[in-house]
Amino acid sequence: MVRIISFQVALFTMIFLVTQESFFAWLLLFDFFVRALRKKNFSPFQIVGNFALSGWGIAPKLCDESPKRFALYLGLVTSLFLIVFYVAGFTTFTTAIAVILLICALLETLFDFCIGCKIYYIIQIVKGNLENDRNIK
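Everything numeric here is computed off the predicted structure, so don't read it as measured data. (Residues numbered from 1 in each chain as written. Predicted model: local features only at pLDDT ≥ 70, side-chain atom pairs only at ≥ 80, totals over all residues. Heavy atoms only, no water.)

Asker: Sorry if this is basic, but what is going on with the side chain of Thr-94 here?
Answerer: Examined against the element boundaries, Thr-94 turns out to sit in helix α5 (residues 91-111). Looking at Thr-94, its side chain comes within polar contact range of the main-chain nitrogen of Tyr-86, at 3.2 Å. Discounting residues that sit within four places of it in the chain, Thr-94 has contacts with Phe-16, Leu-82, Phe-85 and Tyr-86. (Helix = DSSP H or I, 4+ residues; strand = E, 2+ residues; numbered from the N terminus. Polar contact = N/O pair within 3.5 Å; in protein donor to acceptor, adjacent residues only side chain to side chain. Contact = heavy atoms within 4.5 Å.)

This is the structure we're talking about:
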């Protein structure tokens, strides 16, 4: 499911980059926002993903939710910045943010490599190595 959704994120980000139509950026923001609120029934990407999985008869692969949720929040923040810079007229920043989102989505789609998950694990390692962490003696 994650790879199907990341494919859709990559597709709509690419369409946004080519057309510069704000609708596609708003759709990305809406989908990230709805999934962040755990309202998956309202997520267009989730609905398409469920349809694809049920149509192909593929069983979902289970994984740890925490890193994926963190990556989802990063996607939400990234798409929010995409909209803010677009509305403000900063096309260079808008394009740069869209390219970063596209690269991250393509890495997940093509190689099952989640940048947000890697950042999450690095943060957990740093938190674990802090001297004031209650688990470190």
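Once you've had a look at it, read on.
Asker: Quick question: what am I supposed to make of the nonpolar core here?
Answerer: When a protein is soluble and globular, its nonpolar side chains tend to lie buried together. Among the nonpolar cores identified, the biggest contains 22 residues, and Val-9, Phe-12, Phe-16, Leu-28, Phe-32, Phe-45 and Leu-82 are the most heavily contacted of them. Taken together, the elements giving at least two residues each to this core come down to α1 (2-19), α2 (22-36), α4 (65-88) and α5. The element that contributes the greatest number of residues to this core is α2, accounting for seven residues. Apart from residues no more than four positions distant in its own chain, Leu-82 is found in contact with Phe-16, Ala-25, Leu-28, Thr-94, Ile-97 and Ala-98. (Core = buried A, V, L, I, M, F, W, Y, C linked by side-chain atoms within 4.5 Å. Buried < 20%, exposed > 50% of the residue type's maximum accessible area, 1.4 Å probe, protein only.)

Asker: Would you mind going over α4 with me for this structure?
Answerer: For the α-helix, the turn length of 3.6 residues means that residues three or four positions removed from each other point alike. Here α4 contains 24 residues, and its C-alpha end-to-end distance of 34 Å stays within 8% of the 34 Å for a straight helix at 1.5 Å per residue. Within the span of α4, buried status applies to Pro-67, Arg-69, Ala-71, Leu-72, Gly-75, Leu-76, Ser-79, Leu-82 and Ile-83. In this structure, the buried side of α4 is in contact with α1, α2, α5 and α6 (115-129). Positioned one or two residues after α4, Gly-89 has a phi angle of 90 degrees, which is positive. (Expected span 1.5 Å × (residues − 1).)

Asker: Help me understand the pattern of salt bridges, please; the structure alone is not making it clear to me.
Answerer: Side-chain pairing between opposite charges can occur once the charged atoms of the two side chains come close. By the definition in use, this model includes three salt bridges. For Arg-35, the salt bridge goes to Asp-31, with nearest N and O atoms at 2.7 Å. Taken together, the residues Arg-35 and Asp-31, both in helix α2 and four residues apart, mark about one turn of the helix. Residue Arg-35 shares its accessibility class with Asp-31, and that shared class is buried. Ionic pairing is found between Arg-38 and Glu-65, a salt bridge with its closest N-O pair at 3.1 Å. Residue Arg-38 is located in the loop between α2 and α3 (44-56), and its partner Glu-65 is located in helix α4; the two are separated by 27 residues in the primary sequence. Note on Glu-65: relative accessible area 41%, which makes it partly exposed. (Salt bridge = Lys/Arg side-chain N within 4 Å of Asp/Glu carboxyl O.)

Asker: Teacher, can you tell me more about unusual backbone geometry here?
Answerer: Excluding glycine, a negative phi dihedral is what most residues carry, and trans is how most peptide bonds are arranged. Even without a glycine there, the phi angle at Gln-20 is positive, about 60 degrees. Assignment of secondary structure puts Gln-20 in the loop between α1 and α2. If you check the backbone angles, Arg-38 has positive phi at about 60 degrees while not being a glycine. A residue is classified by how much of its surface remains accessible, and Arg-38, at 53% relative accessible area, is exposed.

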